[in-house]
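# Tertiary structure, described
Single-letter residue listing:
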Amino acid sequence: MLGLADLAAKLSAPEAGRLIGWREGDRLEEWSLTERTIPGELSIDKRVWGEDLAQWEKHTLQVILDRFGAHPFDPVKLEQAAEEIGIAGAEIRRGLSGLKEKQMVFAFRKAWGEYIYALPWELARLWHRKIARPGAVPLSSDTFGAPLAETSYGRGLLFDLFYFLRYLASNEIHLTKKGTVPKRHLQKIDSLLTVDAAALRPLSYPYVHCDIYNGLVLVLDASLRLGLAVMKDGELRLCRERAADWLKLSTESMRRILYAYWVRISFPYVPSWQHQVIWLMERIPVNRQGRLGDILDVLRDCRPLSEEERKQEFHAESVLALWLKPLAELGLVDLAECGTDAEETCFRWTFTPDLEAACPNGKAETDKCYVQPDFEIVVPPGVPFRTRWMLEAMCERQQSDQVAVYRLSKESMNKALAEGYDLEQCMGCLRDESLYGLPDNVAQMIMQWTAREARTEMENKESEGTGAHSAVSPEYVNESDGGVRNEGAAYFSFLTVNGPGLILSDYAWDRWPIDCSIPSADELYPGWREVPLKWFRECHSYHLSTRKEMISRALEWKAALRLASSSEEVLLVPIRILDSEGKWRVAGRTQTSACVVDPQEWEQIQIILPEISKGSSS
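So, here is what we can say about the structure in this document. Since this is a predicted model, take the numbers as computed values, not measurements.

### Remarks on the packing of aromatic side chains
Here the structure, examined in full by the defined rule, presents 25 aromatic pairs. For the ring pair Phe159 and Phe385, a centre distance of 5.2 Å and an interplane angle of 55 degrees mean the geometry is tilted. Taken together, the positions of Phe159 in helix H8 (residues 157-170) and Phe385 in helix H17 (residues 385-394) put the pair 226 residues apart, joining distant regions of the chain. A centroid spacing of 5.1 Å and a plane angle of 70 degrees characterise the contact between Phe162 and Phe385, whose relative ring orientation is edge-to-face. You can see Phe162 sitting in helix H8 and its partner Phe385 sitting in helix H17, a full 223 residues away along the chain. Classification of Phe385 by relative accessible area gives buried; the value is 2%. An aromatic cluster is present here, built from Tyr259, Phe267, Trp279, Trp323, Phe347, Trp349 and Phe351 joined pairwise through their rings. Sitting over the ring of Phe494, Arg242 keeps its end group 3.9 Å from the ring centre. Its end group placed over the ring of Phe385, Arg388 keeps NZ or CZ at 5.7 Å from the ring centre.

Written out as structure tokens, the structure reads:
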């Protein structure tokens, strides 16, 4: 599945400038996030909202979204899908050419000259919202039912990634000769994680070393793709500046970024019709519940299917298995049973899934923890991850739940000093982040615990000029190494990055060249200049033999025909000419049904070619 990050990695600035028309020297992600938008929002200009699209471009875009979702597609299959609903192949060819020219769809040249088309998944969801499925999505008024699974605060992908990054911060991991994480580290990491890999198994996404990583692959892949970790020089290492940027973010921002990551990973293995279901689900506001059956009904009402086909086409059980249950396991939605049928399942987002909105307002949470005289630290859910990071470094976690509990000890404090934190940092964190300050007895005991190690650390600093280790803290930002200072910049840098990971890509975007050619009318409709222009410009009466020749030409170009009689006018996509006993008829399809038309039943005919035929413009 193509993303903006794939394009950013593939194109140099001059190439992208010629292709997309943005300032030379800028990066593609900067164009994507700011050039066409108000600053700080991921959006697209008015052309994508349909204000400057020709009719054939709108129709083509709608067929793409309806039949392929965000999946890449073969242009031949696109034409076939369009003809099934009475849209001519000529209209699709011209529409696809126009979308390509406007840089809304990209064509890639595969081996042996084959082509595959794709639209970036980030923008597909926007086009779907405005062009393909306008209107509101119903909200369920029922009471949110009993949860399907335990949705503890201290679990899910967000916390798994946090625990994994903490493990990297405090451990050196040397890779095996095969380039994998040693088994002893895998076992320790596995004990920290909360996501049940079995809930994600229905997606069956492929990844390298599947016999080794199994349940660990998601958190490892996420850390690599987001640039939080790197496999380099035989080690798996934490990217400390990048981790410092991550800790600046609010929980809302982190969840949005992880949701965007999950969409990139999972969408290739989700049926195209479910892409539309998901895009409809995303319109449900946070803290409001949606009912799965209501979402499916919206989609069913927009497709020309019989009642039996409608029930067979969209299975609520499939949406649960491939999307909602994995999302619940990742901590991104809450699920509830509001009835016995799968369509009665209700869901509620734990964050705002509107990736196009501006960076969430405000900085990371500012709640405080409680340092108690008995050396326990109580951590409510609103305590930011930058505080939790320090607590993980210098305490032992006793409980992970809606409220977490940590305990200070001599061993845990000395472990923090060994990691590179100094005593002043640790004491300052406990004083500043505790609602009622640091109890005197706790402060005195910490000083006793760490006296020898603190002296050693100070001697190291004096002899080396810096600490023995580079510890991670939210304040630690080295601009020369790519650190960023504000949450907005950090948010968008994570939202658009897509580094190499362990989960395999569905397509070789990095190896296929982008095709920038735009076909002319002569290439789209060979020989159209050889016939009278009025065949395209007027619905006119012709001799029977001329009508047959016009239909033959329309079949060559896959063009639609406008047929008119004294009582009605119809737009027909011809499929073939039927000859029988010296008589002929036309088999074709209107927008509502397949039909066979006798030439004696209509008086006038016109070939419809986009831009050439009068009356074919938007």
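From this point, the narrative continues.
### Here we look at the pattern of salt bridges
Throughout the structure, instances matching the rule amount to 23 salt bridges. Notably, a salt bridge pairs Arg256 with Glu252, separated by 3.4 Å at the nearest N-O pair. Of this pair, Arg256 and Glu252 both sit in helix H12 (residues 251-266), four residues apart, which is roughly one turn of the helix. Note on Glu252: relative accessible area 21%, which makes it partly exposed. For Asp579, the salt bridge is made with Lys548, and the minimal N-O distance between the two is 3.1 Å. Of the two residues, Asp579 sits in strand E16 (residues 569-580) while Lys548 sits in helix H25 (residues 544-557), which places them 31 residues apart along the sequence. Here Asp579 falls in the exposed class, since its relative accessible area comes to 53%. A relative accessible area of 27% places Lys548 in the partly exposed class. Here the salt bridges do not stand alone but share partners, grouping Glu79, Arg93 and Lys558 into one network.

Conventions used here
Residues numbered from 1 in each chain as written. Predicted model: local features only at pLDDT ≥ 70, side-chain atom pairs only at ≥ 80, totals over all residues. Heavy atoms only, no water. Phe/Tyr/Trp six-rings, centres within 6.5 Å; stacked < 30°, edge-to-face > 60°. Helix = DSSP H or I, 4+ residues; strand = E, 2+ residues; numbered from the N terminus. Buried < 20%, exposed > 50% of the residue type's maximum accessible area, 1.4 Å probe, protein only. Lys NZ or Arg CZ within 6 Å of the ring centre and 35° of its normal. Salt bridge = Lys/Arg side-chain N within 4 Å of Asp/Glu carboxyl O.

This is a description of form; function is not addressed.
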